[in-house]
Every structure is written in C-alpha cells, then in structure tokens.
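The lines below spell out each chain.
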Amino acid sequence: MVRLLFKIWGLVILNICCSQACGAQEKPNILMIMIDDLNDYVGCMNGSVSAYSPNIDRLAQDGILFTNAHSQAPLCGPSRASLMTGLYPSTSGNYLQLNDVNIKKSSEAVSKSIFLPDYLESYGYKTLGVGKIFHKGDQASVFDEFGGKFDWYGPKPAQRMNYDPATIPGKTGNTSTDWGAFPHFDSLMTDHKSAQWAIKKLKETHEKPFFLTVGFIRPHVPLMVPQRWFDLIDREQIEFPPYLPNDFDDIPEMGKKVSEAPMMPTTEELIKSNEWKDVLHAYLASVAFVDAQVGKVLDALQNSSYADNTIIVLLSDHGYHLGEKNRFAKQALWERDTRVPMIIKPLKANFESGMRINQPVQLLDIYPTSLDLCGLPPNDQLEGHSVTPLFAGQTKWNHCSLSIYGEGNIAIRNRQYRLIQYEDGSQELYDLINDPNEWKNLTNSPEHQNLIRELKSHIPKEWAKNSLYSKYTFNEYFINRYK
C-alpha cells in the first residue's frame, strides 16, 4: 500500500512538472540586446556612413527593422530609465544622468512604475541580465540573475592615447573620449565577457520562460578595441559624414546652449589636427567588434533549444554625432542624437521577415510591444504603444516619437519632419526627406506653420520637475538651470 502511494504521488509530481514545462513553452522567451551609443551608421540603416555590421544586418533581414526609431533622451541614464519604466522623462522627472537606485525616487508617477523585468517576473518569467542595461548595469537589483558589468568601459591604457581635455586649453569637464588600438586580445574586453555569459545561459535548461538582456558597451567611448578590428576596416574607403561649417547660422541660441559639450572635440579641431578620420576609424572598428559579439549571441540562440520560441529585440540607447554639426557627442535633440537601430524578430508565425517600417516609433514602445508579443496583460501605466499593429500592415499610425533633454526641451518626429522646441519657445523644423542633414531650419516658413501647430500638439501639457537625483555638471545651461 505504501509503495502504491509513492507511485501515485510520483505520478502527481511528474504531471505537475510536465504541466509547468508545457505552460512555460506556451510563453515565448525574450532576448534583448542593448548597444551603447550605436548610431544609424550600421549597414541596414543606410546612414551617411556605412559601418561593417553583418550580424546586425542579418538580424534586420530575418526580422523587422524600424528605420525611424528614436530614444526618449539623448544620453544613457534617462533613456534606459524611460525604456525600463515605460514613462517619458517629462513624466518621471528623470531628464539627465542618474543612478539606477534613484530612478523611482524622482517623482510620484515613476515611484508607482514597474520595471519591465519585474513585470515579466510577475507573470512567471525568469529574468537574466549582463553588462550595461540600466546606466550602472543593475544597481537597482531588478534581475533574478545578473552576470555583472565587469570592467565598466573595458580596459584602458595607463595613459591617454590621443585625447585628454585636461591638456587642451579651453576644454572644461571630463570625458572618457579617446581612441586607439587597445588591448591586444578580445578576451580582455567587457563585451566579450558579457557575450560569453549570455551564451552560457542559452546553453542552460530553464524551466520558466526567460527574459535575457545583454548590454554591450561599445561603441561607447573610449573608442578602443584590439588592432584586428581596425585592420578589418579599409581606412581608405572611410567616408566623412556630411558637415556644413555654417550649420549653426539658423539655429536659435537656446539650441546652441542645450547642445554644448565643452569637454568634447569639435569637427573643426579634428580637421585642423587631421584626426577626424582617426576617430571615424576607431568608431567603425568598435562597431565591427560589438557586431561580432552580437553575432556570437545570436548564433548561440540559433543553436539552442530555444531558437523557435524566442523573440529577439535589438536596440541602441541613443545616437551619436561623429562630426555632423561640429560635434563628437550625443547630448542634443537633433536626428543623429536620437535615431537608433531598432530591430524586432517575433516568432515565425507573427510576421514577414525583412520588413522595413518607416513609421515613427520609440524605445518607449518596446515595453508594451514585449507584453503584446508574449500575450501578457497590458500595463496601463505605460506611455508607449505596442508596434505589433505595424507588423500586420496597419497604415494608420498617429503617434509621433518624442525625445526630451531637460524640462521644456523636446523633439517631435513624424514620418517626414522633426520639430525641436526649447523651453524658451524657440524652434527648429527640418524636412528629413529633403534635408536629411538638418541644414535648413524651416521654422519661419509660412507654408509650414500648420504643420508646426500639429506637431506641437504632441508636446506634453505637464512637465515633471527635474529629479533631485538627475544631474549633469559640464553644460553651463544645465548647471544654471538646475542649481
């Protein structure tokens, strides 16, 4: 009798385990790849400069590429906080740089938010992360398992190789900006270690559906990768991005103040020193390096038992200027600062591979889209929109992308135009189809006034105060604005 009871109990446990395993298989996994400072130079984006990015391009061909995707802030901290909370900076008060542990201390609205990993955990997901996900990795302790952030921006030489603002007259502030071939081996690079950790997790058996986020550092400065990645790029074939010396002639004074980055090199300086191509070479080498790490993770997924039941999302946290508008920086509201690669590969039955969508979407849309693709209940607090209707060919899309840099400073992007409005009311308007370099400000054009009014209707009616934990210390405008 006892032996019979053990057998029955064993069958009950087996049925429960099988039921849980089957239930887990009903929910798709998510692999999210986040890349720091990757602009639209990647091959599939057809930018003004073409980077060597075969693995990212392959994912774009296998999935859905959003060619008009934008970050909600042109710098790491607030962009990543916005993506993970589902709230605009204008709602959260997280406008500038901040630590992960302070994200939810910024305002009442954001204190009630639920981080994307936490929301997925509440519906049975196991969450795993490695590298740069939030600004400081995972200081907020959001993930069930966090593989670390290793050497934060990777190993650096004992002395600067090519750029140090402390030694240049007129430069103020600090930056990791530098470039050159370093170190000798890929195995010493932070991103290599992150990729290896992710590959290890993809080889493991997971009883629950998983949300695996891999945060890569490069091409964030310092633009340093081993020499072989420099050798991969034909220096003679590198093209300079478009640059207009008098570009700022029709830009309002507030636009110049907001975008000031006095610690960074300018295009004029690098032309004079004959180093512009050196920086481009280092950036493109960094892109090639990180693309290879992306490829390793994608291959590991393809060779795993999770290949057919995993959604893939790839994104950058914001863009980056590499000579356009006389700057080598992010921290501004122009197209190059906010436009990012964004690729989604749903499960096979849900889409047509190789789709290119030019409707304006935003990183804020990834949270609701992820829930939608996983068949989970929506989080009503989210301010983004699921982009899944665009997969099905929906042509009506009334949403614009909003990018915000400090209270009252905002860029509104639709399919063709970009309106930038600063807190003093000054504006810039660009036709991105006919003027992709944003060289002609159309603000005073009589025939565009109705368009300006329509775009302004998307500006938030209320703006949260800048968080006490949200700061920047190099820009005089922000220093004075948020004393």
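Check the entry above for the structure.
Residues numbered from 1 in each chain as written. Predicted model: local features only at pLDDT ≥ 70, side-chain atom pairs only at ≥ 80, totals over all residues. Heavy atoms only, no water.

Draft legend 1. Local environment of the packing of aromatic side chains. As enumerated under the stated definition, the model contains 19 aromatic pairs in all. On the basis of an interplanar angle of 25° and a centroid distance of 5.9 Å, the ring pair of Y163 and W179 is categorised as stacked. Placement of Y163 in the loop between β4 (145-146) and β5 (179-181) and of W179 in strand β5 is noted, with a sequence separation of 16 residues between them. On the basis of relative accessibility, which here comes to 5%, the residue Y163 falls in the buried class. Judged by relative accessible area, which is 4%, W179 ranks as buried. One aromatic cluster in this structure is built from F240, Y243, W276 and F328. Stacked on the ring of F115, the Lys or Arg K104 has its end atom at 4.4 Å from the ring centre. The ring of W334 carries the charged tip of K325 above its face, separated from the ring centre by 5.0 Å. (Phe/Tyr/Trp six-rings, centres within 6.5 Å; stacked < 30°, edge-to-face > 60°. Helix = DSSP H or I, 4+ residues; strand = E, 2+ residues; numbered from the N terminus. Buried < 20%, exposed > 50% of the residue type's maximum accessible area, 1.4 Å probe, protein only. Lys NZ or Arg CZ within 6 Å of the ring centre and 35° of its normal.)

Draft legend 2. Structural context of unusual backbone geometry. That bond from R218 to P219 is cis: its omega, 15°, falls within 30 degrees of zero. Look at the link from V221 to P222: it is a cis peptide, with omega at 0°. Mapped onto the elements, P222 comes out in the loop between β6 (210-216) and β7 (223-225). The residue S141 is not glycine, and still its phi comes out positive at about 55°. Relative to the helices and strands, S141 is located in the loop between β3 (126-131) and β4. At K325, a residue that is not glycine, the phi angle is positive and equals roughly 55°. Mapped onto the fold, K325 is located in the loop between β8 (310-316) and α12 (335-338).

Draft legend 3. Molecular detail of helix α7 (residues 190-203). The end-to-end C-alpha separation of α7 is 20 Å, in line with the 20 Å expected for 14 residues at 1.5 Å each. Within the sequence span of α7, burial applies to T190, D191, H192, S194, A195, W197, A198, I199, K201 and L202. In this fold, the buried residues of α7 make contact with β3, β4, β6 and α11 (276-302). (Expected span 1.5 Å × (residues − 1). Contact = heavy atoms within 4.5 Å.)

Coordinates in, geometry out; function isn't part of it.
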